[in-house]
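Coordinates in review
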Amino acid sequence: MNVENLMVPEERPSHRVRRRTGDDVEECARLLAEVHRRDGYPVNWPDRPGEWLSPDASLGCWVAELDDRLVGHVGLSWGGEGDLAPALWSERNGTTPDSAAVVGRLFVSPRARGHRIGALLIGRVVEEARRHGLHPVLDVVASDTAATALYERLGWERLATVGQRWNPHRTVAVHCYAAPS
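All figures in this text were calculated on a predicted structure; none of them were measured in a lab.

1. A short note on the overall build of the protein chain
Summing up its helical and strand segments, the protein chain has six helices and seven strands in all. Helices and strands in the protein chain line up, N terminus first, as α-β-α-α-β-β-α-β-α-β-α-β-β. Expected size for 181 residues packed as a compact globule is a radius of gyration near 16 Å; at 16 Å, the protein chain falls within 12% of this value. Taken along the three principal axes of its C-alpha coordinates, the protein chain extends 45 × 45 × 30 Å. Partitioning the contacts of the protein chain with sequence separation of at least 6, the portion at a separation of at least 24 is 67%. Put simply, the protein chain shows about 9500 Å² of open surface, and 48% of that area lies on carbon and sulfur atoms. In the protein chain, which carries 22 positive and 25 negative side-chain charges, the distance between the mean positions of the two groups comes to 4 Å.

2. Concerning the nonpolar core
The biggest cluster of nonpolar side chains holds 31 residues, and the ones touching the most others in it are Leu76, Val103, Leu121, Ile122, Tyr151 and Trp156. Only strand S2 (58–66), strand S3 (69–77), strand S4 (100–108), helix H5 (117–131), strand S5 (135–141) and helix H6 (145–153) provide two or more residues apiece to this core. In terms of residue count, H5 provides more of this core than any other element does, eight residues in total. Setting aside its immediate chain neighbours within four residues, Ile122 contacts Val103, Leu106, Leu150, Tyr151, Leu154 and Trp156. Counting residues in hydrophobic clusters, the runner-up holds ten residues, among them Cys28, Leu31, Leu53 and Phe107.

3. Some remarks on the packing of aromatic side chains
Each aromatic ring pair is summarised here by two numbers: the centre-to-centre distance and the angle between the ring planes. Per the counting criterion, the structure on display carries three aromatic pairs. Ring geometry for Tyr151 and Trp156: centres 6.0 Å apart, planes at 45°, overall tilted. In this structure, Tyr151 and Trp156 share a single accessibility class: buried. Feature note: the residues Tyr151, Trp156 and Tyr177 constitute an aromatic cluster, connected by ring pairs.

4. What about H6?
Along H6, the residues that are buried comprise Ala147, Thr148, Leu150 and Tyr151. The buried side chains of H6 occupy one side of the element, clustering within an arc of 160° when seen end-on. Residues of H6 that are exposed and point more than 90 degrees away from the buried face comprise Thr145, Ala146 and Arg153. Where H6 is buried, its residues contact S4, H5, S5, strand S6 (157–167) and strand S7 (170–178). Directly after H6, the chain includes Gly155, whose backbone phi takes a positive value near 90°.

5. A closer look at the sheet that holds strand S1 (residues 15–19)
Overall, mixed pairing links the seven strands, which are arranged S1-S2-S3-S4-S5-S7-S6 in an open sheet. For this open sheet the edge positions go to S1 and S6, each flanked by a neighbour on one side alone. Each strand of the sheet is rotated relative to its neighbour by a mean of 30°, with strand direction disregarded. Sitting on the sheet, helix H4 (residues 85–93) touches S4, S5, S6 and S7, and the angle it makes with S6 is about 145°.

6. Regarding the pairing of S2
The side chains of a regular strand alternate between both faces of the sheet. With eight of nine residues buried, S2 lies mostly within the body of the structure. Here five bridges tie S1 to S2, and the two strands are oriented antiparallel to one another. Bridging across to S2, Arg18 finds its partner in Val63. With eight bridges connecting them, S2 and S3 associate as antiparallel partners. Considered in S3, the bridge of Ala64 is made with Gly72. In this structure, the hairpin formed by S2 and S3 is closed by a connection of two residues, where Asp67 is found at a positive phi of approximately 50°.

About the thresholds
- Residues numbered from 1 in each chain as written.
- Predicted model: local features only at pLDDT ≥ 70, side-chain atom pairs only at ≥ 80, totals over all residues.
- Heavy atoms only, no water.
- Helix = DSSP H or I, 4+ residues; strand = E, 2+ residues; numbered from the N terminus.
- Rg over C-alpha atoms; globule rule 2.2 N^0.38 Å.
- Contact = heavy atoms within 4.5 Å.
- Areas by Shrake-Rupley, 256 points an atom, 1.4 Å probe, with all protein chains shown as cover.
- Lys, Arg positive; Asp, Glu negative; His and termini not counted.
- Charge placed at Lys NZ, Arg CZ, Asp CG, Glu CD.
- Core = buried A, V, L, I, M, F, W, Y, C linked by side-chain atoms within 4.5 Å.
- Buried < 20%, exposed > 50% of the residue type's maximum accessible area, 1.4 Å probe, protein only.
- Phe/Tyr/Trp six-rings, centres within 6.5 Å; stacked < 30°, edge-to-face > 60°.
- Arc of directions from axis to C-beta.
- Pairing = 2+ DSSP bridges.
- Axes fitted to C-alpha atoms, helices over the stretch in contact; angles between N-to-C directions.

Structure representation (structure tokens):
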């Protein structure tokens, strides 16, 4: 039995993850604003949240529903400028950074927490990355202890914690993770 199957919950009729559609973007942006007000994620609020949720290098985005209500979001993309984990993972494994896929834009509505929605979303993008022959990795701001706890509970390996310069006056500690093999 695959270790991941032990750590990621099964979908239930009331819990569902599906590919995001264009019709979902506005509701996702509304949920993101709710998460930002409560948790400060994302740290830097984007000028255009809908566009931020749909990066150019995207391999896909998924949403979670709980009792037919949209409650979460996750994306998968190629690594880009500022993504640290792909290079760290590839150096350790003797591959190139393009053999990794970056998990990002993960959030769950505060009203849906405690239902393992985050784990369902992570499980879906891990499956999708592997379907493409890619290894899932991610970067997370070190101060986001709830996200860090989720990744570690799911068996993700912390590759490093690095200071990332966000602007001339601000350096932020970022944890870099790789999904279990």
